2 protein chains.
Amino acid sequence: MGAANTVNGRQPVMADVARLAGVSHQTVSRVLNDNPHVKEETRERVLVAIRELDYRPNSAARTLVTRRSQTLGVVSFDTTLYGPASMLYGIEQAARSAGYFVSIASLRSLDGRSVQEAVDRLRDQAVEGVLVIAPQTSAVGALAQVRSAVPVVAVGSGTQARVPGAAVDNEAGARAATQYLLHLGHRTVHHVAGPSNWLDAQARRAGWRAVLADAGAPVPEVVSGDWSARSGYEAGLHLLDNPEVTAVFCANDHMALGVLRALNEAGRGIPGDISVVGFDDIPEASYFTPPLTTVRQDFGELGRRGLELLVAQVEGESGSKDRVLVAPELVLRGSTAAARGAG
Amino acid sequence: MGAANTVNGRQPVMADVARLAGVSHQTVSRVLNDNPHVKEETRERVLVAIRELDYRPNSAARTLVTRRSQTLGVVSFDTTLYGPASMLYGIEQAARSAGYFVSIASLRSLDGRSVQEAVDRLRDQAVEGVLVIAPQTSAVGALAQVRSAVPVVAVGSGTQARVPGAAVDNEAGARAATQYLLHLGHRTVHHVAGPSNWLDAQARRAGWRAVLADAGAPVPEVVSGDWSARSGYEAGLHLLDNPEVTAVFCANDHMALGVLRALNEAGRGIPGDISVVGFDDIPEASYFTPPLTTVRQDFGELGRRGLELLVAQVEGESGSKDRVLVAPELVLRGSTAAARGAG
DNA sequence: CACTGCATTGTTAACGCTCACATGACAACG
DNA sequence: CGTTGTCATGTGAGCGTTAACAATGCAGTG
C-alpha cells in the first residue's frame, strides 16, 4: 500500500500526483472535483496515485482561487451552559453534513464592541457565514448593527430578533406551563424570571402573564434571577415569605432546582404544598427532589435548524425562510400536583 | 471616515491599499507584519489607507505562502456534558490569546475510525495542531494510532494516555474524598464508579481502592454507572439493599444527584444516615438536597493548560513538557457528616 | 474525404500574499 | 572623493489550486 506522504521531504502537491499518474495537474483537479469529462480509466489511475502519495488538497490554495472557505463561524457567549453547549453540538453536526467546517469565537462580554470583535475575528478567517448563540437583548441589538459582508443568523434568540434565526417558541412553552398549573386548580402562579435582558426570559414572562390575564387570575410580582441555581434558591427564600404561594413557574431548570432546595429546607411539601415547574428539561431534571415538571426544548434541533438557515443564505437560495420556530413540549413529573382543596 | 469596503465592486486587496498610500504592496505587507524597516510617516499613511478601505488581509493567501494557518483543531465527543463544554471554553480563550483560531470537529462514535476521521477532517483544514477532548480509553487508544503530520494533545484524558496532554489528578481527588469519609469515622466507603472504559473513572476508582486498602478498611463491591443521574439513581437503589452502607463516594456529581434522589425517596437521612460525596463540582452541586460535598476540578484551567501544551509543540519549543497534572480540591458541603457513633 | 461536434486532455493565467533579492538615498569613513 | 554600510523601499517570483481557453483525437455527416 501507499501512504508515502512526502515527496522529496515535503507534502505532495497536485503536480506530484499528476506526474505519478502521467497526466496534467488539471486532470487531477478534475478528478478531485468530480468533473465528468474524465475517462474512467484515467480517473482510476489518478485515484491510485492520490492514495499512493496520501495526497491531500491544500485548502488555502483552493480557498484563494475559489473565494470559498467552506467554513462557517459560530459566536457564542457562554458555552458552559447546557443550552448553548447543546446547540453548538447540533450546529457542528449539521455543518458537517452540509459540507462545512466550523470555527468558533467566544465572547468576552455582551456589549456591541465585543460582538463586533468576535464577528471580525471570524471574518479574518474568511468564514462564509456566522451563526450567533447569544440570547441577550444586548447581543442581539449589537448583532443588528454588525457590519458584515457575510450572512449572520442568530440561534435561540427569542422570536423578535432583528436578524434571521431559529428560536424556541418560549411564549408557547410558558403558556403551556402556566395553563397546566391553573388547570390543577391553583388560584394563581408565581414566576421566577430570568434576567430581563435575555429575550428568552422576556418571552417566558410574557407567556406566563398572558395566561394569567386571560384567566382573570391575579398576576403576582415577579422574582428575578440570573439563571443560576443560587439565584433560584434566593428566589425560593423570598417566595417562602408569602404563605399564599402554591404554584411556581421558573424560567429555567437550574433556578427551579434552587427553588426546590429552598422549599425542601423549609420543610414545604412538593408538590403537596407547592407545585414547581421549570423550563429546558436538562438531563438531570428527572432526578431532582422531586423530579421536575418542565418544558422541554430541543437545543440540538435548534442548532441544526439555525445552521440550515445559514447555509440557505450562504448558498443564496432564494425564497428561503429567515425565521424558524421550534415548538417546546411540557413534560409532567412529580413536582406538580392539584392544589389543596381543588378538583 | 472610511469603510469603503469595496474597490470597483470587489473586496480591496493589498495592491489597492498600496496605490492609495502611494507605496508598493510590499511596504503594506511590512506594515501589516510589524516589520521595523518602515519609516514612521509611511507607516501612518499605510494605516490610514487600510482604515479608509476597511482592508482585511486575505488569510488564504497568507496561509498559502507562509504554510501556517494559525488554526488549531479541537476534537470532542460530547460537548453537551459540563466538563467538555467548560474545557472547550477554556481552550478557545487560551487559543485566542496565543493568536490562534479554533476549529471544531465532533465525534460520531468512539471507535478508532471515527477519531481518525475527525483528525483527518481537521487536517484537511490545515490546522497546525489538534487537541482532543475524549476521555475514553478507546478514544485515547485510537489517538495513539492516529497518523498525523501535526502535533496531537489530549485534554482531560486521565494520566496514563500515550499521547501528551493535560489532565486532572483524578486519583488524588478520589483519595482525598475517601480519606475524608474515613476520617469522619465511617467503617468503609462505597463507590459508584463511572464507565470502566473512561480513564477518569478508572483513576478515581483506583484512588478510592488504594485508600481503603491502606487503611485496612473492607473494599466493597463497586456499583457502576454511565455518569448520568439516571444511572446514579439505579446505583442508589442498589445501595439501599445493604443496610451497612454509611458513606458513598460517587465518581461524578450527576450520579451523586441520582443517589441523593434514591436515598431521599427511601427516607434515608443525608448526611444523618448516609454521607455522599461527588466529583466535578458542577455549578448546581451546592443546590442539591442536601448540598453536595464534592471534588472540584477546574475544567477551564485544564483546557487552557492543554492548549498551552499544544502551542508549545506547534511552535517547536524544545524541552517543553508534554504532560500537565492539575490538582483537584475537596469542597465540603452538607452531604457529609461523622458516622453515627463515631468521634 | 473534408468538415463538424464532442469527449478528453493540456496550457496558461490568475487568486493575494510573503520571501529573497535588487535598488536608491544618504551618512560615515579612510 | 570613492567606498562601504545602513535604512527605506521596490521588483519579481512563487505558494498550490481552479478557471478559461486551446489543442488533440476520433466518430459521424453530407
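Here the structure is a predicted model, which means the values were calculated and not measured. (Residues numbered from 1 in each chain as written. Chains lettered and ligands numbered in written order. Predicted model: local features only at pLDDT ≥ 70, side-chain atom pairs only at ≥ 80, totals over all residues. Heavy atoms only, no water.)

Student: Looking at this structure, I do not really get the interface of chain A and chain B. What am I missing?
Tutor: Much of the literature gives interface size as the accessible area that the parts lose upon coming together. With 56 residues of chain A in contact, the opposing surface of chain B contributes 56 residues. Summed over both partners, the interface of chain A with chain B comes to about 5000 Å²; 51% of that surface belongs to carbon and sulfur atoms. For the pair chain A and chain B, the number of links is six salt bridges. Across the salt bridge formed by Arg56 of chain B and Asp124 of chain A, the nearest N and O atoms sit 2.7 Å from each other. When residues of the side of chain A that touches chain B are traced back to their parent elements, those giving at least two are helix H4 (59-66), helix H5 (82-97), strand E2 (101-106), helix H6 (112-124), helix H10 (229-240) and helix H11 (253-265) of chain A. Ranked by the residues each element gives to the side of chain A that touches chain B, the list is headed by H5 of chain A, at eight residues. Relative to strand E2 (residues 101-106) of chain B, E2 of chain A is paired through three bridges, and the arrangement is antiparallel. The residue of E2 of chain B that forms the bridge with Ser103 of chain A is Ser103 of chain B. (Contact = heavy atoms within 4.5 Å. Buried area = accessible area lost by both parts, 1.4 Å probe. Salt bridge = Lys/Arg side-chain N within 4 Å of Asp/Glu carboxyl O. Helix = DSSP H or I, 4+ residues; strand = E, 2+ residues; numbered from the N terminus. Pairing = 2+ DSSP bridges.)

Student: I'm lost on the nonpolar core in this one. Help?
Tutor: Buried together is how nonpolar side chains tend to be arranged in soluble globular proteins. One finds Val192 and Val276 of chain A together with Val192 and Val276 of chain B to be the most contacted residues of the largest nonpolar core, which totals 58 residues. Among the elements of the structure, H10, strand E8 (247-250) and H11 of chain A together with helix H10 (229-240), strand E8 (247-250) and helix H11 (253-265) of chain B are those that each provide at least two residues to this core. With residues near it in sequence (within four places) discarded, Val192 of chain B still touches Val223, Ala235, Leu239, Val248, Phe249, Cys250, Ala251, Met255 and Val259 of chain B. One finds Met87 and Val326 of chain A together with Leu72 and Met87 of chain B within the second-largest nonpolar core, a separate group that totals 50 residues. (Core = buried A, V, L, I, M, F, W, Y, C linked by side-chain atoms within 4.5 Å. Buried < 20%, exposed > 50% of the residue type's maximum accessible area, 1.4 Å probe, protein only.)

Student: Quick question: what am I supposed to make of the protein's contact with DNA strand C here?
Tutor: Around DNA strand C, 27 residues are found, and the nearest of them are Arg30, Thr42 and Arg67 of chain A together with Met14 and Tyr55 of chain B. Sugar plus phosphate: this is where 61% of the atoms of DNA strand C within 4 Å of the protein reside. Contact between DNA strand C and His25 of chain A: a base oxygen at 3.4 Å from a side-chain N or O atom of the residue. In the environment of DNA strand C, a phosphate oxygen lies 3.2 Å from a nitrogen or oxygen atom belonging to the side chain of Asn33 of chain B. Contributing elements (two or more residues each) for the surface near DNA strand C: helix H2 (25-32) and H4 of chain A together with helix H2 (25-32) and helix H4 (59-66) of chain B. (Near = heavy atom within 4 Å. Polar contact = N/O pair within 3.5 Å; in protein donor to acceptor, adjacent residues only side chain to side chain.)

Student: What am I meant to see in the relation of the copies chain A and chain B here?
Tutor: Each copy of the sequence occupies a distinct position, and chain A is placed on chain B by a rotation of 180° and an axial shift of 0.1 Å, giving an RMSD of 0.1 Å. These values place the two chain copies in the arrangement generated by a two-fold rotation axis. (Least-squares fit on C-alpha atoms with pLDDT ≥ 70 in both.)

Student: Looking at this structure, I do not really get the pattern of salt bridges. What am I missing?
Tutor: As a working rule, side chains carrying opposite charge can pair if their charged atoms are close by. For the structure on display, the rule yields 42 salt bridges over all chains. Here Arg175 of chain B makes a salt bridge to Glu171 of chain B, at a shortest N to O gap of 3.6 Å. With Arg175 of chain B and Glu171 of chain B both in helix H8 (residues 170-183) and four residues apart, the pair spans about one turn of that helix. A relative accessible area of 31% places Arg175 of chain B in the partly exposed class. Residue class for Glu171 of chain B comes out partly exposed when judged on its relative accessible area of 31%. The residue Glu234 of chain B makes a salt bridge to Arg230 of chain B at a minimum N-O spacing of 2.8 Å. Here Glu234 of chain B pairs with Arg230 of chain B, and both are found in helix H10, just four residues apart, close to one helical turn. Take Arg230 of chain B: its relative accessible area is 47%, and that puts it in the partly exposed class. Counted as one network, the salt bridges with shared partners bring together Asp281, Arg296, Glu329 and Arg333 of chain A.

Student: How should I be thinking about the packing of H4 of chain A against H4 of chain B in this particular structure?
Tutor: When two helices pack together, their arrangement is captured by the angle between the axes and the distance separating the axes. The contact between H4 of chain A and H4 of chain B brings their axes to 8 Å, and the two run at 145°. Read as a crossing pair, H4 of chain A and H4 of chain B show a hand that is left-handed. On the side of H4 of chain A, the interface is formed by Ala60, Ala61, Thr63 and Leu64 of chain A, while H4 of chain B contributes Ala60, Ala61, Thr63 and Leu64 of chain B. (Axes fitted to C-alpha atoms, helices over the stretch in contact; angles between N-to-C directions. Left-handed = near helix turned anticlockwise from the far one by under 90°.)

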